[in-house]
Amino acid sequence: MIRPLPPNSTIGLVGGGQLGRMSALAAARLGYRCHILTREADSPARQVSMAATISDYHEPDGLRRFADAVDVITFEFENVSAEGLDLLASLKPVRPSPAILRISQDRVREKNFLNRHGIATAPWAPVEDFEALGAAVQRIGLPAVLKTTRLGYDGKGQAMLRWPDDVRAAYDALSPKPLILEGLIDFFQEISVVVARGEDGTSSAFDTAENRHRNHILDVTLAPARIPSSVDAQAQAIARRVADALDLVGLLAVEMFVDRDGRVLVNEIAPRPHNSGHWTIDACPASQFELHIRAIAGLPLPPATRHSDAVMKNLVGPEEAALWPTILAAPGLIPHLYGKAEARPGRKMGHVTRLFPKGSLPGDFGIAAALGPVAPTVGR
Ligand code: AMP
């Protein structure tokens, strides 16, 4: 066994995006080297790592070369095929385990798993074909959200069904099949908890954060979430219960809806660092990225404490990327840029964090004022 992973060991990180970049930076601080598996030579994670294997995530030869070069394997990107995961796991320790990735890759498996462990979700039904969709609409009712079971993110791979006439076009437009139908939750808030769990079963959960989306993409995260303590207790308990039920070794983000009755429903889980945990880099002694690396390397897990309140604002697409010079000149904004060469619409280019003394997170006007040049997009 490799635990604890000695300094100067090489962590293999599957995925070359910003989550990998920030994980690699955290790994470097702990004395580890990172080797990235990525499709693009100039990816954000590659730019800050020791080495990379440039390969498709499904190509056995690339996966083998990658595994040969590393001591332990983890992920910032979950969509490696079942065969690819088995191949990696036959060569090196993989954390979190392939079984957990298989659950989080597939919305039907994920919801079955959660419900089996007594965790509430939106009402849902699997949609294998168009006939099944008719039955699902009868059972769940409209409005509802039709989603691909795999490969969806940032609102891609989903369609809103408001009227019976929407059903055919939405079914035809979504791919890959099969699909899943979910009842539309009239949520009051969206929140998330990021929890790290070690091999010995100890876990550290960050404070519950409040998330606001724009065009289906995370726009702003507030930490801590402005929720009653009873809702917070539910959210924290759910996150730890999911991590325990999965027997997780690594990091897990649990995205949840708070409905108008104060009930907490899980939307989805991601066994990796998460956009809604970026505030932890600046507001916590040990960030979500550090806890991820510690958990998969078998290092002690410190408590996920927070020294400040925080607002994180994503910089999405060319318009917000263009604010960079102004952001750099704005007092109090902590800048993070991901090194992406091209700013396409909807692409996450970076983020900014603004800290407040603990217990003094302002209301919406105060937050807008504090965010300065990036404020115009807040709360729309
Ligand atoms: P997802 O890709 O499942 O995380 O969905 C992206 C966003 O779409 C969520 O953060 C919600 O804002 C919204 N959404 C997804 N599913 C539902 C649902 N069943 N009810 C209400 N809103 C949803």
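Here, the structure is the one placed above.
Residues numbered from 1 in each chain as written. Predicted model: local features only at pLDDT ≥ 70, side-chain atom pairs only at ≥ 80, totals over all residues. Heavy atoms only, no water.

1. Remarks on the overall build of the chain
Point 1. Counting its regular elements, the chain contains 13 helices and 17 strands.
Point 2. By the compact-globule yardstick of 21 Å for 380 residues, the chain fits well, its C-alpha radius of gyration being 20 Å.
Point 3. With respect to the three principal axes, the spread of C-alpha positions in the chain is 60 × 50 × 40 Å.
Point 4. With 380 residues in all, the chain has 56% of them scored as buried.
Point 5. Long-range pairs, those at least 24 residues apart, make up 64% of the contacts in the chain with a sequence separation of at least 6.
Point 6. Surface summary for the chain: the accessible area is close to 15600 Å², and the carbon and sulfur share equals 54%.
Point 7. Distance between charge centroids for the chain: 3 Å, based on 41 positive and 42 negative side chains. (Helix = DSSP H or I, 4+ residues; strand = E, 2+ residues; numbered from the N terminus. Rg over C-alpha atoms; globule rule 2.2 N^0.38 Å. Buried < 20%, exposed > 50% of the residue type's maximum accessible area, 1.4 Å probe, protein only. Contact = heavy atoms within 4.5 Å. Areas by Shrake-Rupley, 256 points an atom, 1.4 Å probe, with all protein chains shown as cover. Lys, Arg positive; Asp, Glu negative; His and termini not counted. Charge placed at Lys NZ, Arg CZ, Asp CG, Glu CD.)

2. Considerations on the site of the ligand
Point 1. Residues in close proximity to the ligand total 15 residues, the closest being Arg107, Lys147, Ile185, Glu190 and Glu268.
Point 2. At a separation of 3.0 Å, an oxygen atom of the ligand approaches a polar side-chain atom of Gln158.
Point 3. Glu268 places a polar side-chain atom, nitrogen or oxygen, 2.7 Å from an oxygen atom of the ligand.
Point 4. In the complex, the protein chains occlude 92% of the 470 Å² of accessible area that the ligand would expose alone.
Point 5. Of all the elements in the fold, those that place two or more residues in the shell around the ligand are strand E6 (144–148), strand E8 (179–183), strand E9 (187–197) and strand E14 (264–270).
Point 6. Counted by class, the shell around the ligand contains five nonpolar, five polar and five charged residues. (Near = heavy atom within 4 Å. Polar contact = N/O pair within 3.5 Å; in protein donor to acceptor, adjacent residues only side chain to side chain. Nonpolar A, V, L, I, M, F, W, Y, C, P; charged D, E, K, R; others polar.)

3. Details of the packing of aromatic side chains
Each aromatic ring pair is characterised by the separation of its centres together with the angle its planes make.
Point 1. Taken as a whole and judged by the stated rule, the model has four aromatic pairs.
Point 2. A ring pair is formed by Phe130 and Tyr171, whose centres lie 5.3 Å apart and whose planes are at 65°; its orientation type is edge-to-face. Of this pair, Phe130 sits in helix H6 (residues 130–140) while Tyr171 sits in helix H7 (residues 166–173); the two residues are 41 residues apart in sequence, bridging distant segments of the chain.
Point 3. By relative accessible area, Phe130 is classed as partly exposed at 29%.
Point 4. Pairing Phe206 with Trp279 gives two aromatic rings, centres 6.2 Å apart and planes at 80°, and the pair type is edge-to-face. Of this pair, Phe206 sits in the loop between strand E10 (203–205) and strand E11 (209–214) while Trp279 sits in the loop between E14 and helix H9 (280–283), placing them 73 residues apart in sequence.
Point 5. With a relative accessible area of 1%, Phe206 lands in the buried category.
Point 6. Its guanidinium or amino end placed over the ring of Phe130, Arg168 lies 3.9 Å from that ring's centre, counting from NZ or CZ.
Point 7. Against the face of Tyr171 rests Lys177, its NZ or CZ located 4.6 Å from the ring centre. (Phe/Tyr/Trp six-rings, centres within 6.5 Å; stacked < 30°, edge-to-face > 60°. Lys NZ or Arg CZ within 6 Å of the ring centre and 35° of its normal.)

4. What about the sheet that holds E8?
Point 1. With antiparallel pairing, four strands are arranged side by side in an open sheet as E5-E8-E6-E7. Each of the sheet's edge strands pairs with one partner strand only, and the pair in question is strand E5 (124–127) and strand E7 (158–161). On average, each strand axis in the sheet is tilted by 20° relative to the strand beside it, whichever way the strands run.
Point 2. Along the sheet, H6 makes contact with E5, E6, E7 and E8, crossing E5 at roughly 170°. (Pairing = 2+ DSSP bridges. Axes fitted to C-alpha atoms, helices over the stretch in contact; angles between N-to-C directions.)

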